[in-house]
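Here's the letter readout for the chains.
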Amino acid sequence: MNKILWPVLLVLTLSACSTTSDKPVAVESRTTQPTASTTPSTGTAGTTNAGVSGSALPAAPVVDPRKDPASPLYKRSVFFDFDKFDVKDEYRPMLEAHAGYLKANPNARVILQGNTDERGSREYNLALGQKRAEAVRRVLGVMGVSDAQMEAISFGEEKLRNTGTTEEAHAENRRTDIVYGDE
Amino acid sequence: MLRAVLLFPALCLALLSASFGARAAMEIQVVGGAANQIAIAIVPFQPAPGQPTPALTDIIANDLDRSGQFRRLDPAGVQPPTLPSQIDYASWRGRGADAIVVGQVLPAAGGRFEVRFYLLDAVRRTQLAALSYTIAPGQWRATAHQIADVIHEKLTGIPGAFSSRIAYVQKQGSRYELRVADADGYNPRIVVRSAEPVISPRFSPDGKRLAYVSFEDRKPIVYVQSLADGSRRKVAAFKGSNSAPAWSPDGQRLAVVLTRDEASQIYLIDADGGNPVRLTRGGNLDTEPVFSPDGQTIYFTSDRGGSAQIYRMPVAGGDARRVTFTGGYNVSPALSRDGRFLAYISRDEGRFRVTLLELETGQVRVLTDTARDESPSFAPNGLAVLYATVVGNRGVLGTVTVDGRTRARLSESGVDAREPAWGP
């Protein structure tokens, strides 16, 4: 409760300060409150009068866009054609979104997990899955994501999403998944 | 043993000491045989009270059958001799016998047994081998395999491989077990148990260690584990994927596939994980390295020519040369220990089958008639290839002789076996 309320109060106080210079008492009474480091995410409440602060409250519980089905960051899989390792254009917007997130959150890390269908040698498929992971890594790299934020690995045919033997099942398995380090 | 498993349900991975056994219900089916089989009569040994089952001669017969080199004569209807002096050579020769095995099991002190075994040449009426083993009951199967090895070597001139071991991965539900078993699939012991996949086990040349790839850390990492005490270390855990270990013939180094610089490339590392040296270059996919028996050449799979093919290159560095030319998918090279044959998996019209290439002549022979073969490896004596295949939607292990004429299937009901490797 305190964690939520104090920043809000601080914002109220700061916004009151920025718009009204004739009530110094309120400011002084808050000088021992937490530092400004917790405030940037709600800091845009600034220019309005302190009296209408109710509109600032909903901003506090931030939804992780990576968990929001409406966000392009929610999409995590890049699918590949049979024996193909190039990232199709339809995945660019989604990868742009992940690149944007990674650039905005330099501490975020992603593991790019390449996968194949089950046909053929396990080790060869591991290397093929790696090619698919590296393909996504290169695209994100071109989009400006630091190499240090990415690790391309492969599961080969070891973690089939669809264990069927139809072409649809194989297609579902030929993919690279984007998994964040904190997930 | 099942009880021991249930005690640790929360452990996703448990290293188990060599003393942990595993249940075995291995079935062995053999089909075919060599062109010129040696006719051998294996007379059931005179049993001792309380001896283990099955009978030694059953285990020996099973071994010899898998090799395809022998045709066994039914010893029924003959008064079983137990000593060479009791053999009626004329009668055995009349049945076509080339060789006769007789023997006896005697009780020995301390719950042990003495096994006496004689191998006789039915034509020359001479004794080819006479050996005595004093054994604990736990050495029962090992003794049978040793006797089978002696018979094989005396009659074919080539050592048997019946006392060797195999490693494989068993999948049951979502549990993976890396196991080491006798060459006939019996006597399995669990090396690693994991909730994540394990692939590519490879015996060190002395048979004391296993290198393998485990996904327990959410990515492929190469481990080397002692079979004696279960201790292990990560020998390749670089950024990216680490896989496809192969031992150098002297056991000092491993070839591995790393992706730390570019897409999958082959490196050499010390067997304890130090001093990685990059061997292949270029942005292509290079994997599945194996050393030639002299340690001078690496065979590997690459897509550098536009399709998956096997190449070779000097370990010291230099140009790679293509080795396989027929077909669009040739992978998983394995070399016989004399360096004469290359076994690999070749895809032809959608079927993946074990294929043999005689390196000097370039002669190619498809050895199997299954459709989803993987992971070939040679017996220590080079006469057979162990591989994984799929029968009835289930992974099973098989052996096939290099002449392609004799195939055996080792399978345990209800489980999925894959990733076999034949060790010393």
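Bear in mind the structure is a predicted one, so any value in this text is a computation, not a measurement.

A. Inspection of the sheet that holds strand S13 (residues 221–226) of chain B at higher detail. Residues and elements named next belong to chain B. Spatial strand order, S11-S12-S13-S14: 4 strands in an open sheet with antiparallel pairing. Pairing within the sheet leaves two strands with one partner each, and these edge strands are strand S11 (198–203) and strand S14 (232–236). Neighbour-to-neighbour, the strand axes of the sheet open up by a mean angle of 25 degrees, direction not taken into account. Relative to S13, strand S12 (residues 209–214) runs antiparallel, the two being bridged by 6 bridges.

B. Quick peek at the packing of aromatic side chains. Tallied over the full model, the rule gives 7 aromatic pairs over all chains. Summarising the aromatic geometry, the rings of Phe155 of chain A and Phe215 of chain B are spaced 6.0 Å apart at their centres and angled 50 degrees between planes, so their arrangement reads as tilted. Taken as a pair, Phe155 of chain A in strand S3 (residues 150–156) and Phe215 of chain B in the loop between S12 and S13 lie in two separate chains rather than in one. On the basis of relative accessible area, Phe155 of chain A is assigned to the buried category, the value being 6%.

C. Highlighting the nonpolar core. All names here are of chain B. Within the largest apolar cluster, 29 residues are counted, with the highest numbers of intra-cluster contacts made by Ile40, Phe45, Ile60, Leu64, Phe117 and Ile151. Contributions of two or more residues to this core are made by strand S3 (38–42), helix H2 (56–67), strand S5 (99–107), strand S6 (113–121), strand S7 (126–135) and helix H4 (140–156). For this core, the element with the most residues is H4, which contributes 7 residues. Leave out the neighbours within four places in its chain, and Phe117 touches Phe45, Val101, Val102, Gly103, Ala129, Ala130, Leu131, Tyr133, Ile147, Val150 and Ile151.

D. Layout of the sheet that holds strand S15 (residues 242–247) of chain B. Residue and element names in this part refer to chain B. Pairing is antiparallel in the open sheet, where 4 strands are placed in the order S15-S16-S17-S18. Bordering the open sheet on either side are S15 and strand S18 (277–278), each of which pairs with just one other strand. As defined by bridge partners, strand S17 (residues 265–270) adjoins S18 across 2 bridges and the pair is classed as antiparallel. Residue Leu268 lies in a different strand from S18, and its bridge partner there is Val277.

E. H2 of chain B, seen in detail. All names here are of chain B. For H2, built from 12 residues, the straight-helix expectation of 16 Å at 1.5 Å per residue is met to within 8% by its first-to-last C-alpha distance of 17 Å. Within H2, 9 of the 12 residues are buried, leaving the element largely enclosed by the surrounding structure. Along H2, the residues that are buried comprise Leu56, Thr57, Ile59, Ile60, Ala61, Asp63, Leu64, Arg66 and Ser67. Within two residues after H2, Gly68 carries a phi angle of roughly 75 degrees, on the positive side.

F. Quick peek at unusual backbone geometry. Residues and elements named next belong to chain B. Here the residue pair Thr53 and Pro54 is connected by a cis peptide bond, since its omega of -10 degrees sits within 30 degrees of zero. Here Pro54 lies in the loop between S3 and H2. Of note, Asn393 is a non-glycine position whose phi angle comes to about 70 degrees, a positive value. Summarising the element assignment, Asn393 is placed in the loop between strand S28 (384–391) and strand S29 (394–401).

G. Summary view of the pattern of salt bridges. Within this structure, the stated rule accounts for 40 salt bridges over all chains. Put simply, Lys131 of chain A and Asp303 of chain B hold a salt bridge, and the shortest N to O gap is 2.6 Å. Taken together, the residues Lys131 of chain A in helix H4 (residues 122–142) and Asp303 of chain B in the loop between strand S20 (297–302) and strand S21 (309–314) connect one chain to another. For Asp303 of chain B, a relative accessible area of 11% puts it in the buried group.

H. Structural detail: the domain arrangement of chain B. Residue and element names in this part refer to chain B. You can read the domains of chain B as domain 1 (33–156) and domain 2 (165–422). Just the C-alpha atoms count here: the centres of domain 1 and domain 2 sit 35 Å apart. Counting from both sides, the interface comprises 12 residues of domain 1 and, opposite them, 12 residues of domain 2. Summing the contributions of domain 1 and of domain 2, the shared interface buries around 890 Å²; its carbon and sulfur component is 50%. Among the residues of domain 1 in contact with domain 2, Gly33, Arg66 and Arg141 are the three that bury the most area, contributing 57% of the side total. One can count 1 salt bridge joining domain 1 with domain 2. Linking domain 1 with domain 2 are 2 residue pairs in polar contact (both at pLDDT 80 or more), by the criterion used here.

About the cut-offs
Residues numbered from 1 in each chain as written. Chains lettered and ligands numbered in written order. Predicted model: local features only at pLDDT ≥ 70, side-chain atom pairs only at ≥ 80, totals over all residues. Heavy atoms only, no water. Pairing = 2+ DSSP bridges. Helix = DSSP H or I, 4+ residues; strand = E, 2+ residues; numbered from the N terminus. Axes fitted to C-alpha atoms, helices over the stretch in contact; angles between N-to-C directions. Phe/Tyr/Trp six-rings, centres within 6.5 Å; stacked < 30°, edge-to-face > 60°. Buried < 20%, exposed > 50% of the residue type's maximum accessible area, 1.4 Å probe, protein only. Core = buried A, V, L, I, M, F, W, Y, C linked by side-chain atoms within 4.5 Å. Contact = heavy atoms within 4.5 Å. Expected span 1.5 Å × (residues − 1). Salt bridge = Lys/Arg side-chain N within 4 Å of Asp/Glu carboxyl O. Domains from an automatic or database assignment. Buried area = accessible area lost by both parts, 1.4 Å probe. Polar contact = N/O pair within 3.5 Å; in protein donor to acceptor, adjacent residues only side chain to side chain.

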